[in-house]
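# Structural description and commentary
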Amino acid sequence: MDLLDGRLKFRHLTLLIAVYDHGSVVRAAESLHLTQPAATRTLRELEAIAELPLFVRVPRGMRPTVYGEALVGHARTVVAEIRRAREHLTGLRRGQDGTVTVGTLLAGANVLLPRAVARLKKERPRLTVVVREGTPDVLHPALLSGELDLIVGRVGPAPCGEALRQRMLYREPIRLAVRAGHPLLAEGPAGGTVALTDALAHPWILPVEQTALRQELGALFVDRGLPLPADRVECTSILTMRALLLQTDMVALLPELVLRDDEHLAALPVELPSVGRTVGVTEAARRTRTPALEALLRHLDEEAALLRASLGAGARG
């Protein structure tokens, strides 16, 4: 097998990805505007080049073999890099066009990213920004495969070894949030104190298990000899969390900047010294930045500087 002997073409890679994503040659051909015979012929050519079976037929289509699973990951990276090369050249030629695809975690989605995107769009109105929300276990592989240009959100111990590069922008405290008028607020400084145990009398909204925030919260509860709330919802969507908080007496963990801008929510006077978010950006370490990505990073840096100033000395981590 020699994938560099000149027989492997770009069309082979795009078809491989399409068959993998759609689960059949027929649907893959439709998505690529090919005839089924042409798609079948191209797949046979690819398997002949690889000298390996890449798919097996199943009752409802095609299932990738272990070889197909391995090759499709590399194919996605190659196709993504070609797309970036096209956008890089287009951006250099036109100066204003292009696309940047951003993955976002809870810590970056609420204030930093929207402000940076607003500034970017004002500067480059023809540039397209695609934002995808997710958890680290989903976003990090997407960044490595080339589906994302950047992740904005929490940074911590570098995942995936040296394949990803992280940079901190600011540190943001996490607060226990409730709706304005929540019964626990009446027990605050005016009428006494509120402890973490008091909040456990109410339902909670917790981060999902795949997040670092959930791990920090779990460690805090263990340190204080408390069980995690049994009456809980697990969620990462700010919109869903806010709706639940406004309609119920639930308690949730929210970044301080979210609470500052929402007059309908309030922070409980409960200290969580070991729980916070270091917000930053994560990139693929060896990938060339497009002009669109360079512009977004510049605006993220500028907005982060303003947020650090508003959060005070502790925001530098």
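The preceding data block contains the structure.
The structure presented is a predicted model; accordingly, all values stated were derived computationally and were not measured.

Definitions and cut-offs
- Residues numbered from 1 in each chain as written.
- Predicted model: local features only at pLDDT ≥ 70, side-chain atom pairs only at ≥ 80, totals over all residues.
- Heavy atoms only, no water.
- Axes fitted to C-alpha atoms, helices over the stretch in contact; angles between N-to-C directions.
- Helix = DSSP H or I, 4+ residues; strand = E, 2+ residues; numbered from the N terminus.
- Parallel < 35°, antiparallel > 145°, perpendicular 65-115°, else oblique.
- Contact = heavy atoms within 4.5 Å.
- Nonpolar A, V, L, I, M, F, W, Y, C, P; charged D, E, K, R; others polar.
- Left-handed = near helix turned anticlockwise from the far one by under 90°.
- Buried < 20%, exposed > 50% of the residue type's maximum accessible area, 1.4 Å probe, protein only.
- Polar contact = N/O pair within 3.5 Å; in protein donor to acceptor, adjacent residues only side chain to side chain.
- Core = buried A, V, L, I, M, F, W, Y, C linked by side-chain atoms within 4.5 Å.
- Phe/Tyr/Trp six-rings, centres within 6.5 Å; stacked < 30°, edge-to-face > 60°.

### Digging into the packing of helix 1 (residues 10-22) against helix 3 (residues 36-50)
Interaxial distance between helix 1 and helix 3 falls to 9 Å at its minimum, and their mutual angle equals 105 degrees. Regarding the angle of helix 1 to helix 3, the classification is roughly perpendicular. Residue-level inspection shows Arg11, His12, Leu15 and Leu16 of helix 1 in contact with helix 3, the latter providing Ala39, Thr42, Leu43, Glu45, Leu46 and Ile49. Looking at the contact of helix 1 with helix 3 residue by residue, the classes come out as six nonpolar, two polar and two charged.

### Some remarks on the packing of helix 6 (residues 112-123) against helix 12 (residues 291-311)
Where helix 6 meets helix 12, the closest approach of the two axes is 8 Å, and the angle between their N-to-C directions is 130 degrees. The angle between the axes of helix 6 and helix 12 places the two elements in the oblique class. Crossing angle aside, the handedness with which helix 6 passes helix 12 is right-handed. Residues Leu112, Leu113, Arg115, Ala116, Val117, Arg119, Leu120 and Glu123 of helix 6 touch helix 12, and the partners they reach there are Ala295, Leu296, Arg298, His299, Leu300, Glu302, Glu303, Ala304, Leu306 and Leu307. Within the contact of helix 6 with helix 12, the residues separate by chemical class into eleven nonpolar, one polar and six charged.

### Re the side chain of Glu283
Looking at the element boundaries, Glu283 is found in strand 11 (residues 276-284). Glu283 gets classed as buried once you look at its relative accessible area, which sits at 4%. Reaching out from Glu283, the side chain makes a polar contact with the side chain of Arg289 at a distance of 2.7 Å.

### Quick notes on the nonpolar core
Formed by 25 residues in total, the largest nonpolar core has its most connected members in Leu112, Leu150, Val152, Tyr170, Leu296 and Leu300. Elements represented by at least two residues in this core include exactly strand 3 (99-104), helix 6, strand 5 (150-154), strand 6 (164-179), strand 11 and helix 12. For this core, the leading source of residues is helix 12, giving nine residues. Leu184, Leu196, Leu268 and Val275 belong to the second-largest nonpolar core, a separate cluster that totals 20 residues.

### Considering the packing of aromatic side chains
Scanning the entire structure with this criterion turns up one aromatic pair. Measuring from centroid to centroid gives 5.7 Å for Trp204 and Phe221, while their planes differ by 80 degrees, and the two rings are edge-to-face. Here Trp204 is found in strand 7 (residues 204-206), whereas its partner Phe221 is found in helix 9 (residues 212-223), with 17 residues between them in sequence. On the accessibility criterion, Phe221 (1% relative accessible area) is buried.

Interpretation note: all reported values are geometric properties and have no functional meaning in isolation.
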